[in-house]
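So you can see what is in the structure, the chains are spelled out below.
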Amino acid sequence: QVQLVESGGGLVQAGGSLRLSCAASGRTFSNYVIGWFRQAPGKEREFVIAIKLNTYSIYYNGSVKGRFTISRDNAKNTVYLQMNSLKPEDTAVYLCAAAIRALVPTMSPKDYDYWGQGTQVTVSS
């Protein structure tokens, strides 16, 4: 079992920045894929960005490329999502997830085995 806990969400004005954290515990390994997804009210879950922890290979949703970056601290079993130039349309619950068998970063939610509870990000205009 892997437990994932997100933190760092909050309310920010458009153009501002936030850094989200995804802390993993339990059965953790450095070769997982960790992905970030988001879900706004009434909308489907949307892929944001993912990283393969041992190769640092990264896959972006085009809508966030150039604004969001992902990084990891394997010693702390934590993955970070740095979000800059935030827009009101970035408002959503942000969730991190772990894919324990994925060989490369993947955007498909069905490839992820464990999910956190999410953290709310609200961007005001």
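Residues numbered from 1 in each chain as written. Predicted model: local features only at pLDDT ≥ 70, side-chain atom pairs only at ≥ 80, totals over all residues. Heavy atoms only, no water.

Here the focus is the packing of aromatic side chains. Considering all chains together, one arrives at five aromatic pairs under this definition. Relative to Phe47, the ring of Phe37 lies with its centre 5.6 Å away and its plane at 70°, an arrangement referred to as edge-to-face. Here Phe37, found in strand β4 (residues 33-39), pairs with Phe47, found in strand β5 (residues 46-52); they are ten residues apart in sequence, far enough to count as distant. The residues Phe37 and Phe47 share a single accessibility class, namely buried. Connected via pairs of aromatic rings, a cluster forms that spans Phe37, Phe47, Tyr59, Tyr112 and Trp115. Directly above the ring of Tyr80 sits Arg19, whose terminal nitrogen or CZ lies 4.1 Å from the centroid. In this structure, Arg45 is placed above the aromatic ring of Trp115, and the distance from its NZ or CZ to the ring centre is 4.6 Å. (Phe/Tyr/Trp six-rings, centres within 6.5 Å; stacked < 30°, edge-to-face > 60°. Helix = DSSP H or I, 4+ residues; strand = E, 2+ residues; numbered from the N terminus. Buried < 20%, exposed > 50% of the residue type's maximum accessible area, 1.4 Å probe, protein only. Lys NZ or Arg CZ within 6 Å of the ring centre and 35° of its normal.)

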